[in-house]
Each structure stands twice: as structure tokens, then as C-alpha cells.
Amino acid sequence: MEQVKCMEERIQRCHEILDHHPYAVYALDAEGRFISANQAFVRLSGYERAEILGSSWKNKVALHHHDQVYESMIQIKQGESMQLQLEMVRKDGELIEWQVTHVPILDQGEYVGIYGIASDLTERRQAERELWLTREKLESFFSHTGDSIVILDTDRNVIGVNAAFERLFGYTNEELKGKELPIIPEEFQEDMNAIYVDVFAGKEVPAFETVRLSRDGAELIISLTISPIRDQGGSVSAIASIARDITRKKALEQELRFNAEKYRTIMDNMFDLICIVERTGYLSYASPSHERILGLPYKEYEGRNVASFTHPDDLERLAGELKILYTEKTPVQSEIRLFRATDEVWITAEARCMPLFDKRGEVDRIIVVSRDVTENRRAAKLLEESEQRYKCLFEYNSNAVFSLDLEGNFTSMNPAAVQITGYEMSELVRSNFRDMLLLSEKEKAFYHFRRGKMGEPQNFDLTFLHKQGHPIELQVTTTPIFVHGEFVGIYGIAKDVTEQKRAEALFNYLAYHDELTGLPNRRLFTERLMEMLDHAKQHKEKLGVLFIDLDRFKLINDSLGHAFGDQLLQAVAERLESCLPVGAMVARMGGDEFTLLIPNVDVQEKVTQVAHSIIDSLSHPFFFGGQEFHTTPSIGIAVYPEDGEDTESLMKHADAAMYRAKDQGRNNYQLYSSILDNHTLPRLELENALRKAIERDEFVLHYQPIVDSAGEIRGIEALIRWNHPEKGMVAPGQFIPVAEESGLIVPMGQWVMRTACRQNKAWQDAGLPKVRVAVNLSTYQFQQKNLVDQVAGVLEETGLSPQYLELEITESIAAHNVEDVQAKLRALKEMGLHISIDDFGTGYSSLSYLKKFPIHSLKIDRSFVGDLTTDNDDATIVEAIIVMAHSLKLGVIAEGVECQEQLDFLRELKCDEMQGYFFGKPMSAEEVAGMLGACCRQIG
């Protein structure tokens, strides 16, 4: 309810702003009737608002402009904005000339009306004539003002400068006339050129601060205002550049900033009190600073009368000042005493009271900004106290706090610095920080010291040498010390993170190594395999991958216990390392599985020699606790590039060869061969059958409806089925994985898209309701370089409008080339397609792509919907997904809805669309046509 109230207040403020806009603002519906008009429109037209609303624009525009308005509306309906000059007819019949800007109002991409903003050219032209009459006054101002002024023509050459310009910059009017300004530093030229372009185009440029050069090369900080000079026709014929020298002001500001920075971390922030007071004297709003400054929870001040915490002696005077505010409608200043409940004292506050107006222009409420000035009157005392607090913070800080002079010598340090470094304070003072660093750290430390001397705060890690000789890891933060604008040294804070760094190093080691054996783990092995594959491809070398499984290890582990099993694995790891050739690595993949990576395999015998060496090494018994243990290896070998050109293929084929070794009696090695791998034969048969199925057109599409919360069909998802001539209808789960692995998913996906689009166009041509058809894109299909062209070709071939095709992609695409994914999705969305993320919540773990990728909706995976009404975790996840999606302006589709309870729950969560057996199982195209026809008749 709080969010709704807040939104209503924002909308009300927006209406108030538009209603008080100086230009006439209005809106027309698609038929050209007025649906809104602000006060300026009412005033300029002479009509009452009630007479305007619902009337046609034709009654307000002179007849001879009607054709012009009709032509502009045609272009506006096509999404273009228009500017027109029209004669409008006031209620009293007077014609007034208006400058009108029209922009289209779109609802989900469809034209529904026009926003318009108009200004009275009659008034503007009168103002221009008056401005022209004041030319002599402006020339007098030009000559005698204290601000420097230069007039530039359209070629940015000087037309003239005034006396103040000559005094400030040292150039005379005669020297500069007809030439470019020589006072702009080179680094500001590009920005100034852009500003000149905007001003000559008639745009308003706010005043800004910049740097200019005087004739003697001195840099001047100036406040610059650049304004267009228009001729009688209203065109910009020149520009006026007015500069005020604020160099001294800036120097004073810098000195003030230094003092503020010095005590910023010690002194309390002095936030102003802000409140809104109703005409009754009661507060309708109080800022949180009330609690800190006045003592009571700030919400308690809301609803209280201002008199309840204002000094009684100040009330009569305050009432008189507020009476002036209400009468003259202007801000007033006041000084009042406010009661501070914390210590029951009165504090003095400077209050600025400003009126807030209602729609009629009357003072409705007052906004009061009060500043506690009690502390300002005690500034000297507070400064002394703050110095003492600073000293306490310095002395008792657990981190090392120090200062350095311009040479890098220590000038001060706190006790913590002595404790951390081991040096006495007398040893540190006047010693140079570089003398206490490792040789390898001196260059880095000096680099940051130089950057600090340039006035830049620094954050960096540094290794400091303890007095006892061992290194200390420090996190260092430094800030420059300025006194009256002059750099005099550096403040620094150093935190001892030695133990933290050790813990991080151990964590990083464990992330890439097996904790039991110390060998590289699966993660490090996979990364190293990818690196060696790239190297082998570039240098045309071979690469051997060995997959090792210990025979009968489970028997030892189960019968003698995990302690003996762990000792055996450690001993095996040592023997495997002893068998490695130069450059090779061995890793433990988990359990009793090990992998070897052998680079630069020039001949096959090199790999088999390593396999022989491993078998021989492990043939010798192991002894633990007076017992003798035996284990043998089964080894599978795959070689790049013969047995695979990527990590997945090599590992899979080495694994297959290892199982072949076990089938051959264990304690041997086998080279991968696809014809010997019995595990691949069913897959090959299925792959061949899939190829024939594509050639014989054995696939069919079934369709499942997607409905909104009201039960109306919004889309149809196309689902592929294989009508096998012998096995009958084959479910996708049995053949899609093989299709993806073999690459056949690409032509299958193209067939699905083409067939679904053709079918949807046929439904539309038959007069059925137009709905979008959803097609799944596999990762392989999405990675096709010509994907966008393929989709465009299908739409052109089938004649289906892009808005009725939805592409469903999986989260896994976010793990690939993000820039390529963004480019393709953006191109597809610009074509007009609807894009959704399928099975959301089950794939790629990062949600950053939701902000980066141009998508329309998320499909919640059925695994979360199935137990939605009985599992609180699933309900929480679904609710979180819907809230997150709506906050990102994305739609939500829930899959797997099978009962009324799930539907009611999703409706309550404001889920946009749903899909599942509750609304309809996957069905044939004919059944879908019947369902759409029934919906059409029901609507009719």
C-alpha cells in the first residue's frame, strides 16, 4: 500500500507540473478528440476545460490549416514527431498564431493518440520586438558591465569584445576582431566546438565553469554563460559569451574543502531539518534528520503542531512572518528556537520557509528547511574538541596510521604502526619508507608515492619488511595533505592482512588442487587441457589424454576403511607423478579416477610408454600398517587430433577407452577406437536414423496453448515429435541430446521454425485469432553466424509477420560470447520478434544478462511450478522471479500448470501467462485450429 500511495503521489506531482507548465500541453485520442489540456491551453484558447475535453481539434484550428493538420497526422501515426505553425481560433473568434509540436502516443507499439505542446508565437514576436528596442541599453551594458563579454559570428570569429574582456585577458578589441579566440586551452577546444554547435542551433546551454588563458599564459577559472543572439527573423546570427573570473573564489573553496576534509570523519554530519507544514500548523512530513537533531523518532514529529517544539516566545513572531508568506506568496527567513528532547535544551535554527501552491495558485502548504546554527556559534570550542577526538582516533586506531613528507620520510605514526612493524617510534621517525621494503616492492611503492604527490588518493597492497626480517602483507590507503592549497605530504593507513593473504592463498590452492593428494583437481586439469589444446592447434602438435581408474579400489576402501583407502590414493598419486615425462601433468578427478595430460606426442609410442610405465609402477605392492596392498590400473588413451578436437571429446573418448580396458580384463591400456566402443553403437544407430528421418520428413509438430490469467490464448508453443516408421511416436528426450551432440539439431531447428511459421500463417489466413507461435532455439542453432538471416528468410518465405513469432532460448547462451549474444538478440528484437528465456532458474547462474540482453519475457521452469502450492521454497522462488521480472519490465510465463490451485496461486502473484496440461496437452494443428475457432466464436 505504501508503494501504491507513493506512485499516486508521483503521478499527482506530474499532473501538477504539466498543469503549471508555461506552454499549452494537451493530448488527443486516435480520433482527434481532446482527452486532456493544461491551464496554459485553457488560458490561451479562451475555452473552459470542460468545453475542451471531448471536442475535436477541428473546432480549434483555422479552416485553412485543416489540410496541413490532416497530412501531419498521417506521419504521426507512422511514429514520426511533427512541428507546425498554425492559426488557432480562440473562443472569442480571435486568431492567434501557435508553434505546435506533436508526438505520437503508443501503447505496446500501436498508435493511440497524440501529445501536443504549443506556444503563442504572437507573444514571442512581441517580445522580440521589445528586445530589439532595448538594443541601445544592451550596448550600454556591453560597454560598462564588469563581466567580460565577447560576441562571435557564425564562423566563430570575434565581432567584438568589451572593456572588461580587455582588462581580464589582455587582448584589445582591434587585435581580436575577425579572428578566432586565442584564450581557449587546446584540451577544451573539442567540447567548446560542440557547445557552439548547440548554441547556433538555438539550444539553451546552462552556465558552466571552465578554464581560459590570459595573454601572459595564466590560467583563469571562469564562470561562462553562452547565449544565442537572434536577428529579427528569429535566426541565430551570433552568440554572446559572458565570463566572470572566479579564480580567487575557487582558491578559497579549495582551502575550505581541505579544512572540511580534515575533520569530516570526526565531526557529525550536519544535515538540515526539512518538514512540510499544513495551513493548520501540523507537520505532514518530517525528514529523518529530526530524530538525530531533535531527539525523538522522526515519525513522531509527523502529525504534531509546529508550536509543540518551538519556543513559546518565538511563536508570535513566526506567525507574523508566515502571514507575510501566505499573503505575498514569497519565501521568508526566520530564526527560531527548537526543543531538543535528547538533552532537553533549546537549539537555535535558521529556517527558510517556502510556499507550496495548489492547482489554483494559492499557498497550500509550506516547506521549511531549518539549519542548526547553535554549533556555529560554538565553532572555536568544537574545533578544539574535534582536534582532541582526531588525536584519540589516531592514537587508538588498530591499523597503522602514519604521515610522510615530500621525500617519503615518516613524520608521524601511531602506536599500532610500532606494533605492526616491530620498529620503535624513534627508529621510524625521519626514516624513509623505501628502506624498509623488499627490493621487489620498492618500484611499486615509489610509483604510488609519486601518484600521491600528484594529489591522487591511492589504494594498493604492499609487502613491508618487519624489523625481525619476515615480510608483512599490508593494505595501504593514502591521501594527499594540502595546506592552503599546497601539497605538503601524505597521510596513510595500513592494515595488516598477512593472515588474510595466507588464507586466500590456501583457498586458491584448494580451489585448483585435490586436498587429499595435492594433485591438480578436475578444474585445473580442464583449464590446462584447454590451454594445451590451443597450443597444439597453433603448432600442429599431438596431445595425449590418459584416463586411469584403479581396479578393485572400492573393495579395499569398503573392507578396510577410508583411512587405508586415502593412504593408498596418496601413494598412487606419488607413483603416478614419478611416471610423468617432462611437461606432462597428472590430476585426480575424484574417487579413484586420475587423468594424465601429455603434450607434444610426436609418436603414439610415447603415450603407450607412459601407460606401460604406470602399469609397471603400480604392479609393486603397497605397505600400510604392516599390511600389503595391491591395485592395478585400467587406462584409456585418446590422442588429439585423431580422437577428438575439443576437451569434451577427448575426455569422453579416453573414458570410453578406459571402460574398454576394464572389459579386456583390467590392468591394461586401450587406445580409443570408435568401432571398438560398444557404448557408441546405439548412439551411432540413432544418429543415422535421425539423418534419415530428416531426409524422409518423419518429424511432426505438436502445439500447446499459452494462455493469460483470464484464460485467453496468447500464444502456441511448437513442440517437435518423431513419428518413427517402426517405433511410432518418439519423445524428444530420446533423440534431442543425440541431435545436439551430432549437430543435426541445426537443420531440425530450421525445419521446426519454418513449419511453425507456415502453420501460424495458415491459421491466420483461415480467419482464426492472431497469436504468436513459440519456437525453441538450441544453443547450437543460436551460435550459427547467419542465424538472424535465417530467421528473416523464414519469415519472408512463409509471409508471417515478425510480431507473431516468439523465439525461446535457454539460459546457457549467457555463458558464451556475451557481445555476440547481445548483437544477435538485439537484431532479432529490432525485426519485431518476441524473445523469451526458457526454463528460467535451471541454467546459467548469473542474472546480469537479464539487464544486458534485449528480451521480453521469462518462462519459469515446470520444476518450480509442480510443487508450488505445497513447497514454500518453490513458492518463494516463483514469487521472486515474477517480482524481479516485472521490476525489469519483463513478462512471465509459468510452465507445467496442471491444476486449479496452481492457477489461482499464479494469478495471485500476477503471473502474466501460463502453459500446461490444465489448459491443454500438446495437440495437432487441426486440434489447435478447433480451439482457436472456439475462442473466436466466444469472442464474437
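Here the structure is a predicted model, which means the values were calculated and not measured.

1. Points about the overall build of the protein chain
Logical step 1: Per the secondary structure count, the protein chain includes 35 helices and 36 strands.
Logical step 2: Relative to its 940 residues, the protein chain shows a buried fraction of 42%.
Logical step 3: In the structure as shown, the protein chain presents an accessible area of about 51600 Å², 51% of it carried by carbon and sulfur atoms.

2. A short note on the packing of helix 29 (residues 787-798) against helix 30 (residues 818-830)
In helix packing, the relevant descriptors are the interaxial angle and the interaxial distance, both defined with respect to the helix axes.
Logical step 1: Following both chains from N to C, one finds helix 29 and helix 30 inclined at 20°, their axes separated by 10 Å at the closest point. As summarised for this structure, helix 29 and helix 30 are arranged roughly parallel, according to the angle between their axes. Two packed elements cross with a definite hand, and for helix 29 against helix 30 that hand is right-handed. Only K824, A827 and L828 of helix 30 make contact with helix 29, whose side of the interface consists of L787, V788 and V791.
Logical step 2: Of the residues in the contact of helix 29 with helix 30, the class split is five nonpolar, no polar and one charged.

3. Comments concerning the pattern of salt bridges
Logical step 1: Counted according to the given criterion, the structure contains 36 salt bridges.
Logical step 2: The salt bridge partner of E362 is K329, with a shortest N-O separation of 3.7 Å. A residue pair is termed long-range when its members are at least 10 positions apart, and E362 in the loop between strand 14 (345-357) and strand 15 (363-372) and K329 in the loop between helix 13 (312-328) and strand 13 (332-340) qualify at 33 residues.
Logical step 3: Owing to a relative accessible area of 37%, E362 belongs among the partly exposed residues under this scheme.
Logical step 4: Judged by its relative accessible area of 33%, K329 falls in the partly exposed class.

4. Quick notes on unusual backbone geometry
Logical step 1: With an omega of 5°, the peptide bond between Y640 and P641 qualifies as cis.
Logical step 2: Its place among the elements puts P641 in the loop between strand 26 (632-640) and helix 24 (647-663).
Logical step 3: The phi torsion at E344 lies on the positive side, around 55°, for a residue other than glycine.
Logical step 4: Along the chain, E344 turns up in the loop between strand 13 and strand 14.
Logical step 5: Take E344: its relative accessible area is 63%, and that puts it in the exposed class.
Logical step 6: For K910, which is not glycine, the phi torsion reads 65° and is therefore positive.
Logical step 7: For K910, the position within the fold is in the loop between helix 34 (900-908) and strand 36 (913-914).
Logical step 8: Take K910: its relative accessible area is 62%, and that puts it in the exposed class.

5. Thoughts on the packing of helix 27 (residues 745-765) against helix 29
Logical step 1: Close contact between helix 27 and helix 29 brings their axes to 9 Å; oriented N to C, the two are set at 35°. The way helix 27 lies across helix 29 gives a crossing that is right-handed. Note on element contacts: helix 29 touches helix 27 through Q790, V791, V794, L795, E797 and T798, opposite Q750, M753, R754, C757, R758 and K761.
Logical step 2: When grouped by side-chain class, the residues that make up the contact of helix 27 with helix 29 number five nonpolar, three polar and four charged.

6. Some words on the packing of aromatic side chains
Logical step 1: Counted according to the given criterion, the structure contains 18 aromatic pairs.
Logical step 2: Ring geometry for F34 versus F41: centroids 5.3 Å apart, planes at 55°, classification tilted.
Logical step 3: Given a relative accessible area of 4%, F34 falls into the buried group.
Logical step 4: Each member of the aromatic cluster is reached from another via a ring pair, and the members are Y26, F34, F41 and W98.
Logical step 5: Taking NZ or CZ as reference, R523 lies 4.5 Å from the ring centre of Y512, over its face.

7. Considerations on the environment of V586
Logical step 1: Looking at the element boundaries, V586 is found in strand 22 (residues 585-590).
Logical step 2: On a C-alpha basis, the gap between V586 and L576 in space is 7.2 Å, while along the polypeptide they are ten residues apart.

8. Describing the nonpolar core
Logical step 1: Membership of the largest hydrophobic core comes to 75 residues, with the highest contact counts inside it found for F735, V791, L805, I855 and L858.
Logical step 2: The leading source of residues in this core is helix 27, at eight residues.

9. Some details on the sheet that holds strand 4 (residues 95-107)
Backbone-to-backbone hydrogen bonds join strands into a sheet, with any given pair of strands oriented parallel or antiparallel.
Logical step 1: The strand order 2-1-5-4-3 describes an open sheet built from five strands, whose pairing is antiparallel. Edge strands, defined here as strands with exactly one partner in the open sheet, are strand 2 (34-37) and strand 3 (82-89). Between one strand axis and the next, the sheet turns by 30° as a mean value, whatever way the strands run.
Logical step 2: One ladder, built from ten bridges, connects strand 4 with strand 5 (residues 110-120); its direction is antiparallel.

10. A word on the sheet that holds strand 26
Logical step 1: On the basis of which strands lie adjacent, the open sheet formed by five strands has the order 22-23-21-26-27 and mixed pairing. Each having just a single partner strand, strand 22 and strand 27 (669-671) make up the two edges of the open sheet. Sheet twist, expressed as the average angle between the axes of neighbouring strands with direction ignored, equals 20°.
Logical step 2: In this structure, strand 21 (residues 543-551) lies alongside strand 26, joined through nine bridges in antiparallel fashion. The residue bridging D551 from the neighbouring strand is T632, located in strand 26.
Logical step 3: Those strands touched by helix 20 (residues 522-539) are strand 21, strand 22, strand 23 (593-599) and strand 26, and its axis lies near 20° from that of strand 23.
Logical step 4: The sheet contacts of helix 22 (residues 562-578) involve strand 21, strand 22 and strand 23, and relative to strand 23 the element is tilted by about 10°.

11. Points about the side chain of D147
Logical step 1: Following the sequence through the fold, D147 ends up in the loop between helix 6 (135-144) and strand 6 (148-152).
Logical step 2: Taking relative accessible area as the criterion, D147 reaches 15% and is therefore assigned buried.
Logical step 3: Reaching out from D147, the side chain makes a polar contact with the side chain of R244 at a distance of 2.8 Å.
Logical step 4: Among residues more than four places away in sequence, those in contact with D147 are N162, A164, I242, A243 and R244.

12. Description of the environment of L800
Logical step 1: By the secondary structure assignment, L800 is in the loop between helix 29 and strand 32 (805-810).
Logical step 2: The class for L800 is buried, based on a relative accessible area of 3%.
Logical step 3: Spatially, the C-alpha atom of L800 lies 9.4 Å from that of Q759, the residues being 41 residues apart in sequence.
Logical step 4: Ignoring anything within four residues of it in the chain, the contact list for L800 reads C757, N760, K761, Q764, V773, L795 and L805.

13. Observations concerning a negative patch on the surface
Logical step 1: The grouping of E879, E901, D904 and E908 at the surface amounts to a negative patch.
Logical step 2: Classification of E908 as exposed rests on a relative accessible area of 63%.

14. Description of a nonpolar patch on the surface
Logical step 1: Where nonpolar side chains cluster on the molecular surface, the patch consists of L506, Y509 and L510 and spans about 270 Å² of accessible area.
Logical step 2: Its location among the elements puts L506 in helix 19 (residues 498-512).

15. Here's the deal with the side chain of D358
Logical step 1: On the secondary structure map, D358 appears in the loop between strand 14 and strand 15.
Logical step 2: Among the polar contacts made by the side chain of D358, one reaches the main-chain amide nitrogen of R360 at a distance of 3.0 Å.
Logical step 3: Among all residues touching D358, those that are not within four sequence positions of it are H20 and D364.

16. Observations concerning helix 27
Residue pairs spaced three or four apart in an α-helix point in one direction, given the helix's 3.6 residues per turn.
Logical step 1: In this model helix 27 runs 30 Å from its N-terminal to its C-terminal C-alpha over 21 residues, within 8% of the 30 Å that 1.5 Å per residue would give.
Logical step 2: I745, V746, M748, G749, V752, M753, A756, C757, N760, W763 and Q764 are the residues of helix 27 that are buried. Projected down its long axis, helix 27 carries its buried residues within an arc of 160°, all on one side.
Logical step 3: Remark: G767 follows helix 27 within two positions and exhibits a positive phi of approximately 85°.

17. What about the confidence of the model for the protein chain?
Close inspection of predicted coordinates is inappropriate for parts of the model with low pLDDT.
Logical step 1: For the protein chain, mean pLDDT is 83; residues scoring 70 or higher make up 87% of the total.
Logical step 2: Below a pLDDT of 50 lies the segment residues 263-270, which in the model reaches 13 contacts outside its immediate sequence neighbourhood of four places, other chains included.

What counts, and at which threshold
- Residues numbered from 1 in each chain as written.
- Predicted model: local features only at pLDDT ≥ 70, side-chain atom pairs only at ≥ 80, totals over all residues.
- Heavy atoms only, no water.
- Helix = DSSP H or I, 4+ residues; strand = E, 2+ residues; numbered from the N terminus.
- Buried < 20%, exposed > 50% of the residue type's maximum accessible area, 1.4 Å probe, protein only.
- Areas by Shrake-Rupley, 256 points an atom, 1.4 Å probe, with all protein chains shown as cover.
- Axes fitted to C-alpha atoms, helices over the stretch in contact; angles between N-to-C directions.
- Parallel < 35°, antiparallel > 145°, perpendicular 65-115°, else oblique.
- Left-handed = near helix turned anticlockwise from the far one by under 90°.
- Contact = heavy atoms within 4.5 Å.
- Nonpolar A, V, L, I, M, F, W, Y, C, P; charged D, E, K, R; others polar.
- Salt bridge = Lys/Arg side-chain N within 4 Å of Asp/Glu carboxyl O.
- Phe/Tyr/Trp six-rings, centres within 6.5 Å; stacked < 30°, edge-to-face > 60°.
- Lys NZ or Arg CZ within 6 Å of the ring centre and 35° of its normal.
- Core = buried A, V, L, I, M, F, W, Y, C linked by side-chain atoms within 4.5 Å.
- Pairing = 2+ DSSP bridges.
- Polar contact = N/O pair within 3.5 Å; in protein donor to acceptor, adjacent residues only side chain to side chain.
- Patch = residues over 30% accessible without salt bridge, like charges linked within 9 Å, V, L, I, M, F, W, Y side chains within 5 Å.
- Lys, Arg positive; Asp, Glu negative; His and termini not counted.
- Charge placed at Lys NZ, Arg CZ, Asp CG, Glu CD.
- Expected span 1.5 Å × (residues − 1).
- Arc of directions from axis to C-beta.
- pLDDT = per-residue confidence, 0-100.

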